[in-house]
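# Structural characterization, general
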Amino acid sequence: MTTLEKVRQRAEADAKTYGYYLHPDPEFLNDLLEGLKKNEERYGYPSCPCRVASGKFEFDRDIICPCDYRDPDVAEFGFCYCGLFVRKDVVEKKLPIHSIPERRPVEKQARAYAMAPEVIEKPARATVGVAEETAQVKKKFWYCKQCGYTVFREDPPYICPICKAKRELFAEITIGAFVRG
Amino acid sequence: MDKVKVPGKNKKHKVLMYAISTCAWCKKTKKFLVDNEVEYEYIDVDLCSEEDRQKIRDDIRRRGGSLSYPTIIVDDKKIITGYSPDEIKEALGI
């Protein structure tokens, strides 16, 4: 059985590794941690407290905290969808932390909830809503020029989880075959 | 479907909220409505059966909303996504 303290420690360790802060309002933070604990008890894994999990691991994988959308959300807005992870400048300048649009692609939600296919074809009009982009994310290899840490993902991390170098110190690795003629 | 009614002095509008029981933004929205003495009903979607969840998702999409919570529906017409006190104030005239 997990405890609130364990959930908190895990979140703190993860924030530290990736150079983020946790939500500065202790009450709001506590609600999020309680939500994560509850989900871990319900589903066996800490899925995002602000999303409805299907309860099927293979479909909820992308919304297990820290979710796949955290880093792009923090990069764009300064905090993630539920508000657990916050960028340094947002905390230091006390910038407002608010609800942000759901980045999880409609296709992923549809798969998780086994929605009718016609629902997928016409995404919500208007809205603040859902990222238009499809689930096809272009991942690349990135390496930290300071320590050599290598990672395969869409964008380089905010900081290097190993040596804490800034994002700018990451470079893309391009692999090409060199044939001598 | 378990609809919970929260009484309040301001009954001018019919307010329905789709929420998640573990969601901090939903909790904040509920508190905002209570602080403003707005009478409202809510459904915690994560506690519903899959059949009911499907009905809720259909309802949100039919109204042009995105599957993000809290979703508030005012007078069966206006749909508000996320914790958005300004939009709620405007819709409720408070």
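Scroll up to find the structure this text is about.
Described in the following lines is the structure provided in the data block. For clarity, every value in this text was computed on a predicted model and none was experimentally measured.

With that settled, consider the overall build of chain A. A tally of regular secondary structure across chain A gives seven helices and five strands. Scanning chain A from its N terminus toward the C terminus, one meets helices and strands in the order α-β-α-α-α-β-α-α-α-β-β-β. Counting every position in chain A, which comprises 181 residues, the buried fraction comes to 44%. Considering only contacts in chain A between residues 6 or more positions apart, those separated by 24 or more positions represent 50%.

This paragraph deals with the pairing of strand β4 (residues 150–153) of chain A. Burial of the side chains of β4 of chain A is restricted to one face: V151 and R153 of chain A are buried, whereas none of T150 and F152 of chain A on the reverse face is. The hairpin turn running from strand β3 (residues 140–144) of chain A into β4 of chain A, its antiparallel successor, is five residues long, and G148 of chain A in that turn takes a positive phi close to 90°.

Bringing helix α1 (residues 24–35) of chain B into the picture now. Along its 12 residues, α1 of chain B runs 16 Å from first to last C-alpha, staying within 8% of the 16 Å computed at 1.5 Å per residue. Among the residues making up α1 of chain B, those that are buried are A24, W25, C26, T29, K30, F32 and L33 of chain B. Structurally, α1 of chain B contributes buried residues whose contacts are with α2 (26–43) of chain A together with β2 (15–19), β3 (40–44), β4 (71–74) and α3 (85–92) of chain B. At the C-terminal side of α1 of chain B, E37 of chain B shows a positive phi close to 55°.

The next subject is the interface of chain A and chain B. Each partner contributes to the interface: chain A provides 32 residues, whereas chain B provides 26 residues. Each partner contributes to the roughly 2,300 Å² buried at the junction of chain A and chain B, and carbon and sulfur atoms together form 54% of this total. Of all residues in chain A, F28, V52 and S99 of chain A bury the most surface against chain B, accounting for 22% of the area lost on that side. With a closest N to O distance of 2.8 Å, D46 of chain B and R42 of chain A form a salt bridge. Here chain A is connected to chain B by nine residue pairs in polar contact (both at pLDDT 80 or more). If you list the elements that add at least two residues to the side of chain A that touches chain B, you get α2 and α6 (106–113) of chain A.

Residues and elements named next belong to chain A. Spatial strand order, β4-β3-β5: three strands in an open sheet with antiparallel pairing. Across the chains shown, the open sheet's two edge strands, defined by having one partner strand only, are β4 and β5 (170–173). Mean inter-strand twist for the sheet, computed between neighbouring axes without regard to direction, equals 35°.

What follows is about the nonpolar core. Counting residues in hydrophobic clusters, the biggest one holds 58 residues, and the most contacted among them are C50 and L84 of chain A together with Y18, L33, I56 and Y69 of chain B. Ignoring anything within four residues of it in the chain, the contact list for I56 of chain B reads M1, Y18, I43, V45, C48 and Y69 of chain B. Counting residues in hydrophobic clusters, the runner-up holds seven residues, among them A53, I63, I64 and Y69 of chain A.

This paragraph deals with unusual backbone geometry. At the junction of C65 of chain A and P66 of chain A, the peptide bond is cis and its omega measures out at 0° in the coordinates. Residue Y69 of chain B is joined to P70 of chain B through a cis peptide bond whose omega torsion reads 0°. For P70 of chain B, the location among the structural elements is in the loop between α2 (50–62) and β4. In this structure, K94 of chain A takes a positive phi of about 50° despite not being glycine. Relative to the elements of secondary structure, K94 of chain A occurs in the loop between α5 (88–92) and α6. Judged by its relative accessible area of 74%, K94 of chain A is exposed.

Definitions and limits used
- Residues numbered from 1 in each chain as written.
- Chains lettered and ligands numbered in written order.
- Predicted model: local features only at pLDDT ≥ 70, side-chain atom pairs only at ≥ 80, totals over all residues.
- Heavy atoms only, no water.
- Helix = DSSP H or I, 4+ residues; strand = E, 2+ residues; numbered from the N terminus.
- Buried < 20%, exposed > 50% of the residue type's maximum accessible area, 1.4 Å probe, protein only.
- Contact = heavy atoms within 4.5 Å.
- Pairing = 2+ DSSP bridges.
- Expected span 1.5 Å × (residues − 1).
- Buried area = accessible area lost by both parts, 1.4 Å probe.
- Salt bridge = Lys/Arg side-chain N within 4 Å of Asp/Glu carboxyl O.
- Polar contact = N/O pair within 3.5 Å; in protein donor to acceptor, adjacent residues only side chain to side chain.
- Axes fitted to C-alpha atoms, helices over the stretch in contact; angles between N-to-C directions.
- Core = buried A, V, L, I, M, F, W, Y, C linked by side-chain atoms within 4.5 Å.

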